[in-house]
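So the chains spell out like this:
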Amino acid sequence: MCISLWIYLRGPVQIVACTTESIRIEVYNRTANAKPIARIYVSINSTCPLLDFYPEKLLSLKPNYKVQEKMKKITIAIDGFSSCGKSTMAKDLAKEIGYIYIDSGAMYRAVTLYCIEHNLFGPDGEIKTDELKQDIDKIHISFRLDPVTSLPRTCLNGNDVEERIRTLEVSSKVSPIATLGFVREALVRQQQELGKEKGIVMDGRDIGTTVFPDAELKIFVTASPAIRAQRRYDELRAKGQPASYEDILHNVEERDRIDQSREVSPLRKADDAILLDNSHMTITEQKEWLINQFKRAAQ
Ligand SMILES: Nc1ncnc2c1ncn2[C@@H]1O[C@H](COP(=O)(O)OP(=O)(O)O)[C@@H](O)[C@H]1O
Ligand SMILES: Nc1ccn([C@@H]2O[C@H](COP(=O)(O)OP(=O)(O)O)[C@@H](O)[C@H]2O)c(=O)n1
């Protein structure tokens, strides 16, 4: 296989690893060369040709919490039920400690959006599995950092779909897509590639059990369904999206049921994960709790 990769970037570029499976490139600032300002991973895999691109600008941001030199660079897996605050916690921690943040649920949502837009759901909501299998090569998921928030935005085939993947329509169709073994296989492979060098916080359903079973810190988050539905309802209303509390509650419970009962990598707490019920915690309290867990795990 011969691949040509043309990249135009303002800074010295170094190819740090190039195998038959992936190319790893680091970009340095011209003046300060201590740390790369961006890292690009391109996975080459004939059975999983989804490409990933993650400009790791978080590294160039000054973390609020000074990670001490002697601290280990670790992998942090945050799993749990839908809408309980996993990504809020994961983002907050990643920003605080200067780690990469990956929302694995966004990847399943992007595949779902592709299916909606390419008519891969039948009239009764059934998935056209054979067609999706054929199309999986055409689904390219990537993350780009929002220059204002410094948080990753999900792109599907180069288009920013961050808002479109958060609608209730996608939420209501994503869990059946996530039961498909070939979809999980493709996405898990990419997630593992992204986390190869540690220094990553990833949230989802199977991160501590399947994606990174050796993660040094695993958290399993839960909250009551009513509280979770209320949080999601408030979020959608704040974004100006029409929402019904009852529909959201039904969606939250239905996704939990499908996620827990699927055959491949069902949602469950890893034996070595720490359980957190954040029903009565504020966002600030859960952030502090998580930073303390990090300090302990990275010692
Ligand atoms: N402890 C908390 N208290 C109140 N709202 C929260 C809390 N944690 C998260 N939220 C809010 O709940 C909503 C769902 O959180 P999110 O992080 O997207 O959940 P998940 O990633 O588990 O689906 C968001 O609007 C978020 O701001
Ligand atoms: N690692 C993951 C992440 C998400 N998912 C699926 O993708 C859906 C959407 O994930 P999400 O993290 O965006 O869900 P929310 O809890 O944020 O609503 C979940 O309900 C799961 O069905 C999964 O199966 N495995």
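Nothing here was measured: the structure is a model prediction, and the numbers come from that model.

Caption draft 1: Inspection of the packing of helix α1 (residues 86–97) against helix α9 (residues 283–297) at higher detail. Remark: α1 packs on α9, axes separated minimally by 10 Å, with the N-to-C direction vectors making an angle of 55 degrees. Taken together, the axes of α1 and α9 are oblique relative to one another. Considering how the two elements wind past one another, α1 and α9 form a crossing that is right-handed. For the pair formed by α1 and α9, the contact residues are T88, M89, D92, L93, E96 and I97 on the first element and I283, Q286, K287, W289, L290, I291 and F294 on the second. Residue composition of the contact of α1 with α9, by class: eight nonpolar, two polar and three charged.

Caption draft 2: Looking closely at the site of ligand 1. Close contacts around ligand 1 come from 14 residues, with K86, S87, T88, E235 and Q286 the closest. S87 places a polar side-chain atom, nitrogen or oxygen, 2.5 Å from an oxygen atom of ligand 1. Surface burial for ligand 1 is 80%, taken as the share of its 560 Å² of free accessible area covered by protein chains. Every element with two or more residues in the shell around ligand 1 is listed here: α1, α7 (225–238) and α9. A per-class count over the shell around ligand 1 returns four nonpolar, six polar and four charged.

Caption draft 3: A look at the pattern of salt bridges. By the definition in use, this model includes 20 salt bridges. Here K287 and E96 are joined by a salt bridge, their closest N and O atoms 3.5 Å apart. Taken together, the positions of K287 in helix α9 and E96 in helix α1 put the pair 191 residues apart, joining distant regions of the chain. Taking the relative accessible area as the measure of exposure, K287 reaches 28% and is therefore partly exposed. A residue is classified by how much of its surface remains accessible, and E96, at 12% relative accessible area, is buried. The salt bridge involving R166 is made with D103; its shortest N-O contact spans 3.0 Å. One end of the pair, R166, is in the loop between β8 (159–160) and α4 (168–177); the other, D103, is in strand β5 (residues 100–103), and 63 residues separate them in sequence. When its relative accessible area of 10% is taken as the criterion, D103 is described as buried. Residues participating in the shared-partner salt-bridge network are D146, R153, D160 and E163.

Caption draft 4: Quick peek at the pairing of strand β6 (residues 141–145). The buried fraction of β6 amounts to four of the five residues, a majority that puts the element mostly inside the structure. Relative to strand β7 (residues 152–156), β6 runs antiparallel, the two sharing five bridges. Each residue of the ladder has a partner; that of R144, found in β7, is R153. Taking the residues that link successive antiparallel strands as the turn, the β6-β7 hairpin has six residues, and the phi of S150 there is positive, at about 60 degrees.

Caption draft 5: The arrangement of α9 in detail. Taking 1.5 Å of rise per residue, the 15 residues of α9 would be expected to cover 21 Å, and the 21 Å separating its terminal C-alpha atoms lies within 8% of that figure. Listed as buried for α9 are Q286, L290, I291, Q293, F294 and A297. The buried residues of α9 occupy one face: seen down the axis, they fall within an arc of 160 degrees. Turned more than 90 degrees off the buried face of α9, the exposed positions are T284 and E288. Close packing links the buried residues of α9 with β4 (75–80), α1, β10 (217–222) and β11 (274–277).

Criteria and cut-off values
Residues numbered from 1 in each chain as written. Chains lettered and ligands numbered in written order. Predicted model: local features only at pLDDT ≥ 70, side-chain atom pairs only at ≥ 80, totals over all residues. Heavy atoms only, no water. Axes fitted to C-alpha atoms, helices over the stretch in contact; angles between N-to-C directions. Helix = DSSP H or I, 4+ residues; strand = E, 2+ residues; numbered from the N terminus. Parallel < 35°, antiparallel > 145°, perpendicular 65-115°, else oblique. Left-handed = near helix turned anticlockwise from the far one by under 90°. Contact = heavy atoms within 4.5 Å. Nonpolar A, V, L, I, M, F, W, Y, C, P; charged D, E, K, R; others polar. Near = heavy atom within 4 Å. Polar contact = N/O pair within 3.5 Å; in protein donor to acceptor, adjacent residues only side chain to side chain. Areas by Shrake-Rupley, 256 points an atom, 1.4 Å probe, with all protein chains shown as cover. Salt bridge = Lys/Arg side-chain N within 4 Å of Asp/Glu carboxyl O. Buried < 20%, exposed > 50% of the residue type's maximum accessible area, 1.4 Å probe, protein only. Pairing = 2+ DSSP bridges. Expected span 1.5 Å × (residues − 1). Arc of directions from axis to C-beta.

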